[in-house]
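# Examination of the molecular architecture
Spelled out from the first residue to the last, the chains are:
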Amino acid sequence: MDLNSTNTIKVKKIRPGRGIGSGKGKTSGRGHKGQKSRRGVAIKSFEGGQMPLYRRLPKRGFNPIKKNEIAIFNIQNIQKFIDTKKIKSSEKIDLNLLKKLKLVNKKIQKIKLLGNGELKEKVNLEVDFISKSVKDKLSKNGSTVKIKNI
């Protein structure tokens, strides 16, 4: 056998709609009537009755996946926790302590302290954000506040 000779098999191209003898005549393999028999119609994302992919996946738009969850505390809340003996005024109050005592959700990543209410006892706080009114109240009280660098 000669290697230079080309022995390729030529498959005849199917040409639908070219008469009954072609095997793809009349309806051209599209069946009878209906949406799918028409020209230029493709039913987008139809998966044969199976739940479509776009409906199987969760919705994500406009909800940031990695958002900063910030817990907002007023100093009256902290005083309430001290009064109910959930927190000792002598220990350092920070995010880890609040999570451990289940006073904030485990998803919370940062704490902001606001100045609503009064704080009677000296406390040692470590927070991410603080308002001006709280700074004034805590400096008068003699409490210490450490603001984390972000």
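Data block above holds the structure.
Summarised in this report is the structure supplied together with it.

Quick notes on the rules
Residues numbered from 1 in each chain as written. Predicted model: local features only at pLDDT ≥ 70, side-chain atom pairs only at ≥ 80, totals over all residues. Heavy atoms only, no water. Helix = DSSP H or I, 4+ residues; strand = E, 2+ residues; numbered from the N terminus. Rg over C-alpha atoms; globule rule 2.2 N^0.38 Å. Patch = residues over 30% accessible without salt bridge, like charges linked within 9 Å, V, L, I, M, F, W, Y side chains within 5 Å. Areas by Shrake-Rupley, 256 points an atom, 1.4 Å probe, with all protein chains shown as cover. Salt bridge = Lys/Arg side-chain N within 4 Å of Asp/Glu carboxyl O. 1 Å grid on protein atoms, 1.4 Å probe; cavity = no way out; pocket = protein on both sides within 12 Å on 5 of 7 lines; lining within 4 Å. Points joined across faces, edges and corners; volume = space filled by probe spheres on them. Nonpolar A, V, L, I, M, F, W, Y, C, P; charged D, E, K, R; others polar. Phe/Tyr/Trp six-rings, centres within 6.5 Å; stacked < 30°, edge-to-face > 60°. Buried < 20%, exposed > 50% of the residue type's maximum accessible area, 1.4 Å probe, protein only. Pairing = 2+ DSSP bridges. Contact = heavy atoms within 4.5 Å. Axes fitted to C-alpha atoms, helices over the stretch in contact; angles between N-to-C directions.

A few words now on the overall build of the chain. Along the backbone of the chain there are four helices and six strands. When the helices and strands of the chain are placed in sequence order, the string is α-β-α-β-α-β-β-β-α-β. Whereas a compact globule of 150 residues would reach a radius of gyration of roughly 15 Å, the chain reaches 36 Å, over 25% beyond that. For the C-alpha atoms alone, the extent of the chain along its principal axes is close to 100 × 50 × 25 Å.

The next thing to look at is a nonpolar patch on the surface. A contiguous nonpolar surface patch, about 250 Å² in accessible area, is contributed by V41, I43 and F46. Structurally, F46 is set in the segment before α1 (53-56).

What follows concerns empty space enclosed by the protein. One pass over the structure, following the stated rule, counts one cavity of 30 Å³ or more. By volume, the largest cavity is sized at about 40 Å³. Every residue lining the largest cavity is listed: F73, I78, I93, L98, I111, L113, L125 and V127. Of all the elements in the fold, those that place two or more residues in the lining of the largest cavity are β3 (110-114) and β4 (124-127). Each residue belonging to the lining of the largest cavity can be placed in one class, and the counts come to eight nonpolar, no polar and no charged.

On to the packing of aromatic side chains. Within this structure, the stated rule accounts for one aromatic pair. Between F73 and F81 the ring centres are 6.1 Å apart and the planes differ by 65°, which places this aromatic pair in the edge-to-face class. Pair check on accessibility: F73 and F81 agree, each one buried.

Let's shift gears to the sheet that holds β3. Read across the open sheet, the three strands follow the order β1-β3-β5; overall the sheet is parallel. The open sheet terminates on both sides in strands that have one partner only, identified here as β1 (70-74) and β5 (129-130). Looking at chain direction, β1 and β3 are connected through five bridges and run parallel. By the bridge assignment for β3, I72 is matched with K112. Those strands touched by helix α2 (residues 75-83) are β1 and β3, and its axis lies near 75° from that of β1.

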